Amino acid sequence: MGRSTFLCVLIVLVSGASVAMAGYTFLGNVEHVEITGTGASLACEGNVTLHIGFLEERVVRVTLARPGDEPPLGAALIGCSGNNLPQVEVDDTGETCELRSHDVAVTVGKRPCRITVRESHGGAVICEDDPGMGIGWDGAEVENWKVIAPGERFFGLGEKTGSLDLRGRELVLWNTDNPHHDNQSDPLYQSVPFFIGMREGRAYGVFLNNSHRSRFNFGAGNLRYFSFGAEGGVLDYFLFYGPSVPEVVARYTSLTGRTPMPPLWALGYQQCRWSYYPDSEVLRIARTFREKQIPADVIYLDIHYMDGYRVFTWHPEYFPNPKELVKTLGSIGFKVAVIIDPGIKADSTYWVAREGLAGDHFVKYPDGQVYTGEVWPGPSFFPDFSRPSTREWWGSLFRGLVDLGVRGFWNDMNEPAVWGQAFPDEVVFDDEGLRSDAKKMHNLYGFLMAQATFEGVRSHRQDQRPLVITRAGFAGEQRFTSVWTGDNQATWEHLEMGVRMLQGMGISGLPFVGSDVGGFSGTPTPELFARWMQFGAVSPFFRAHTHYGSPDQEPWSFGDRIEEIAKETITHRYAMLPYFYSLFWEAHTTGAPLLRPLFWHFQDDPEVYGQPGQMEFLLGEHLLVAPVTKEGCDMRRVYLPAGRWLDLETEAVHTGPGTIIVDAPLERMPVLLGDGGILVAQEPMQFVGEHPPRGLRIDLFPSGQTSQFTLYEDDGDTYACERGVYRTTEISTVEAQGIVRVDIRPVHQTFDSEARLTEVRIHACGQPDAVTDSARPLREGPGLNGWQFDRKSRILTIMLADHRSPRELAVRLSALR
């Protein structure tokens, strides 16, 4: 077929009022427009209405309403109040209807109804419907097709294997327990229907607010379109315009929620296996950590702590005195986390099963029979977490564990998983009175279980932050829980997968994430364990875990050399806790992940999107981390974006953009600090709370542009921070006109933190002539209010008595440097 013939056929296809093909009906002509405040309702052919409205200047909601459709999903949304609606101008002409905020314009073609979103005032196209298909449906299935631009990239969807860039792939969201997954497997445990598109350097985001099994095609098998849709429910999506990636994620998390501040100890090292039992073995492991002086804060009890796998019980022989066990572990600094599965053993003598049946708390078949599925306890009932009274009942069950002093609650098997991998679609949930089947509720099950767990535990300890962990979840779960990547394997492939997956989850609104160090299934080699430990130590959630019956997988289990590497790595994590905790404050207030793809801060650099760039990441704004993920490697190629980069091991300064080769013996993971970087560390301890924080070290790599870092402090345990009791300190630095300036400025001071001896270290510094603090000269020499310069390392060290006082440090550099 010739090119002109092809164009004629294409024109015929797209110019009609509506098109039906292959079972789909596509949205037809607009028959009537009703202006509704900051949006419009467009009545279309076939008794179908499309609602379009602005929530913010750069946030647009699009909802298709068909006869008989259920209400849009509300579980994930917290930011839809409409309290800060923008001013919107509406131009309704015969052919189009245009809605404009100050920043974004939505143009709706009327014949047929198709949407184009662009920057206001004739700016660049952000996202546009495919002209021939646009929005369509086939029975219950709904879909939206959009034009895919040359070079357009896609990221997100939470926990996904493979490349961070999803272009060319079709992906499914359906929470699935797949313990044998590899780098091509899909779907997995999590369903987060939010993705980021990158078109001509501008970022936008789309959140499909639908919990049914959904499909996202990012140009798989075609060059024409990308699409998103679901097998049921309402086509309801939010479009967020950046144009930067951080702006997109900030707007998405403003809608779906941000992580609460975790307890500080939850950022420490956590040791787990399936299973530590009996109680004497748990104590042996804990005491060995203390004897070897390897820091750790959390020890886990997997399913063998229970009596016959009955949740909220203790095995009478393995754990005859849990209260004493928890108390003894607490006396040496360990917090206890226990696994909680949703399956309730169908046992008439079991108090939880009896209560659940009496309170009508379990999911049922359509005819009213309680559903029974098989998991660890055997035949089991499953709580209906979509029912508010059931969530309240579930939360009440934690009273006994909380009273014992248990601090961590690990929600597992909550896809929900059953033997046979087929939780029935026809099972009915209350769904806040809507009575919905599992086709809608399946992907929400883990989310709702985490919500019920978090709210329940908090009701028993209203001023003590818990640690909640989940395997399965949905968009918005970050409000209640941390997430780990599920049952990974002790292979180099899975280590690589973890590096990419945590980045993808972070930009999907999930900042508190991690993968099982060493791999859950199989046995890592000593080298693999050491490399995974290094990656784990820079992951937000830092836990080692292994399978039932596997060889020991504690830090000391692989010989003296690996033990020393693990000890040094974990100790460094504890030194860096002020930095990690401050990044959590940023996540809490802005939605920014701790662990960020390079394109988070270097969006215009094409090199950061390739596979080599995806195997590096930023921890915060300036700290570049390049994990070693290949067996036998003692050198590492590292791509450096634009700017100067300080090798924190050698103090060498490199200039990007470009690739360097860095020595990476088994003891070292390459870490570089970028221009303007500021790091905050403290004297490490064996566990959080061992003693008040001692010492503070501020490392700076000044540049010609002012850079800033906010140090966050609170009591690390209670909810006083939500009542405004915390301390923030802004640390800034710049080098200009031969002077390096460092300002330390308290901002919010309602938390009375301990005074700490503070060591300020300026890296790659020229020879100083003089150093002043608020114009007062400091003496050269060791000790308080003194400074010393190491000519070999080019590090200037300044000792201050207290980090809480305002400081204006100025270093006049020698003209002869």
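As a reminder, the structure under discussion sits directly above these lines.
A. Inspection of the overall build of the protein chain at higher detail. Scanning the protein chain from terminus to terminus reveals 14 helices and 53 strands. With respect to the principal axes defined by its C-alpha atoms, the protein chain has extents near 85 × 75 × 50 Å. The burial tally for the protein chain puts 62% of its 817 residues in the buried class. Considering only contacts in the protein chain between residues 6 or more positions apart, those separated by 24 or more positions represent 68%. Of the roughly 29,500 Å² that the protein chain leaves accessible, carbon and sulfur atoms contribute 50%. Positive and negative side-chain charges in the protein chain, numbering 74 and 104 respectively, have mean positions lying 3 Å apart.

B. Representation of the pairing of strand β40 (residues 653–663) in the model. As paired strands, strand β39 (residues 635–647) and β40 are joined by 10 bridges and run antiparallel to one another. For leucine 646, the partnering residue across the bridge sits in β40 and is valine 653. Count of turn residues in the β39/β40 antiparallel hairpin: 5 residues, of which glutamate 651 carries a positive phi of about 70°.

C. Representation of the state of the cysteines. Throughout the structure, instances matching the rule amount to 0 disulfides. Cysteine 97 forms no disulfide, and the closest cysteine sulfur to it belongs to cysteine 113, at a distance of 9.5 Å. A residue is classified by how much of its surface remains accessible, and cysteine 97, at 1% relative accessible area, is buried. A disulfide-free cysteine, cysteine 113 has its sulfur positioned 4.0 Å from the sulfur of cysteine 44, the nearest such atom.

D. Local environment of the sheet that holds strand β52 (residues 795–800). Strands sit in the order β42-β43-β47-β52-β51-β50 across an open sheet of 6 strands; the sheet is mixed. Single-partner strands in this sheet number two, and they are β42 (677–682) and β50 (779–780). Here β50 runs beside strand β51 (residues 786–790); their pairing, made up of 2 bridges, is parallel. Within β51, the position partnered with glutamate 780 by the bridge is tryptophan 787.

E. Region of interest: the nonpolar core. Counting 203 residues, the largest nonpolar core has Phe207, Val338, Ile340, Trp394 and Ile798 as its most contacted members. If we ignore the near neighbours within four places in the chain, the residues touching phenylalanine 207 are Ala76, Leu77, Pro193, Phe194, Asp236, Tyr237, Phe238, Phe240, Tyr252, Leu255, Thr256 and Ala475. Among the nonpolar cores identified, the runner-up in size contains 45 residues, and Val88, Ile115, Phe226 and Phe228 belong to it.

F. Up close: helix α2 (residues 245–256). Spanning 12 residues, α2 covers 17 Å between terminal C-alpha atoms, matching the ideal 16 Å at 1.5 Å per step. Listed in full, the buried residues belonging to α2 are Val245, Val248, Val249, Arg251, Tyr252, Thr253, Leu255 and Thr256. In the segment just after α2, glycine 257 is the residue with positive phi, at about 105°.

G. Expanded view of the environment of phenylalanine 541. Considering the arrangement of structural elements, one finds phenylalanine 541 in the loop between α11 (526–536) and β35 (543–544). Along the backbone, phenylalanine 541 and serine 227 are 314 residues apart, and their C-alpha atoms lie at a distance of 33 Å. When residues no more than four places from it in sequence are discounted, the contact partners of phenylalanine 541 are Gln270, Tyr300, Ile469, Ser482, Trp484, Phe512, Val513 and Gly514.

Reading the values: rules and limits
Residues numbered from 1 in each chain as written. Predicted model: local features only at pLDDT ≥ 70, side-chain atom pairs only at ≥ 80, totals over all residues. Heavy atoms only, no water. Helix = DSSP H or I, 4+ residues; strand = E, 2+ residues; numbered from the N terminus. Buried < 20%, exposed > 50% of the residue type's maximum accessible area, 1.4 Å probe, protein only. Contact = heavy atoms within 4.5 Å. Areas by Shrake-Rupley, 256 points an atom, 1.4 Å probe, with all protein chains shown as cover. Lys, Arg positive; Asp, Glu negative; His and termini not counted. Charge placed at Lys NZ, Arg CZ, Asp CG, Glu CD. Pairing = 2+ DSSP bridges. Disulfide = S-S within 2.5 Å. Core = buried A, V, L, I, M, F, W, Y, C linked by side-chain atoms within 4.5 Å. Expected span 1.5 Å × (residues − 1).

So, to be careful, I would describe these as geometric facts and stop short of saying anything about function.
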